[in-house]
Amino acid sequence: MKRMILALVCAAMMMPMNAKTLVAYFSATGTTKAAAEKLAKQHDARLWEIEPAEKYTAEDLDWRNPKSRSSIEMNDPEERPMIKQCTDITPYDTIYIGFPIWWGICPRIINSWLDNMEIMLGDKPIIPFATSGSSGIEEAEAYLKKNYPSLNWQKGLLLNKR
Ligand SMILES: Cc1cc2nc3c(=O)[nH]c(=O)nc-3n(C[C@H](O)[C@H](O)[C@H](O)COP(=O)(O)O)c2cc1C
């Protein structure tokens, strides 16, 4: 009996210790980065920045210009901007994935990341989070679920400052 209680106590103690969380994010101008840092602190999680091989300039981010890099990328669903470095997600049980809302959904670099990670993500719970000018995260959530139906999507978080 004593042994059984000890085993149960150990199991209960092990659970939170083993639960490892990763907060991965892309941020072009720093807003999502700040939200990701806060989230990582709250969840005692490892932080990982998804960096584009080629950084976005202010010109690249001009959504009013149909010829800007971001407009060209968002106009083409197949665009997959290159990522600087791979992420090792194997040690993590839960993954937060953060991004700024672009054209109502996630920037294409998030597709690049998910395409690379899809198999490794398996059935790990994934929580999308975003910052935006005013849009909600619902359209991005629906887009992600539709395009990556095998992944274990959880309810998303919009982390705009109030
Ligand atoms: C190309 C581009 C498209 C955007 N599209 C939207 C949008 O559809 N809805 C919205 O509310 N904000 C939009 N924004 C604003 C960003 O989502 C917002 O400023 C975000 O917090 C920026 O995050 P970051 O600093 O981490 O890059 C857009 C910004 C850019 C650069």
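Here is what the cut-offs are and how they apply
Residues numbered from 1 in each chain as written. Predicted model: local features only at pLDDT ≥ 70, side-chain atom pairs only at ≥ 80, totals over all residues. Helix = DSSP H or I, 4+ residues; strand = E, 2+ residues; numbered from the N terminus. Buried ≥ 20, exposed ≤ 12 C-beta atoms within 10 Å, placed from the backbone. Right-handed = clockwise from strand over helix to strand, strands pointing away. Pairing = 2+ DSSP bridges. Near = placed C-beta within 6 Å. Nonpolar A, V, L, I, M, F, W, Y, C, P; charged D, E, K, R; others polar.

Asker: Quick question: what am I supposed to make of the environment of T90 here?
Answerer: Within the secondary structure layout, T90 lies in the loop between α3 (69–75) and β3 (94–100). For T90, a count of 7 C-beta atoms within 10 Å corresponds to the exposed category. T90 sits 31 residues away from L121 along the chain, and the two C-alpha atoms are 8.2 Å apart.

Asker: Looking at this model, I keep getting lost on the pairing of strand β4 (residues 125–131). Mind explaining?
Answerer: Two faces make up the sheet, and in a regular strand the side chains alternate between them. In terms of burial, β4 is a largely internal element, 5 of the 7 residues being buried. The parallel pair β3 and β4 is bridged by helix α4 (residues 108–121), and the resulting crossover is right-handed. Across 2 bridges, the pairing between β4 and strand β5 (residues 152–153) is parallel. Pairing of P125 across the sheet is with N152, part of β5.

Asker: Could you clarify how one ought to interpret the site of the ligand in this entry?
Answerer: Near the ligand, the surroundings consist of 20 residues, among which S27, T31, T32, P100 and G133 are the closest. The leading source of residues in the shell around the ligand is helix α2 (residues 31–42), at 3 residues. Among the residues making up the shell around the ligand, the classes are represented as 7 nonpolar, 12 polar and 1 charged.

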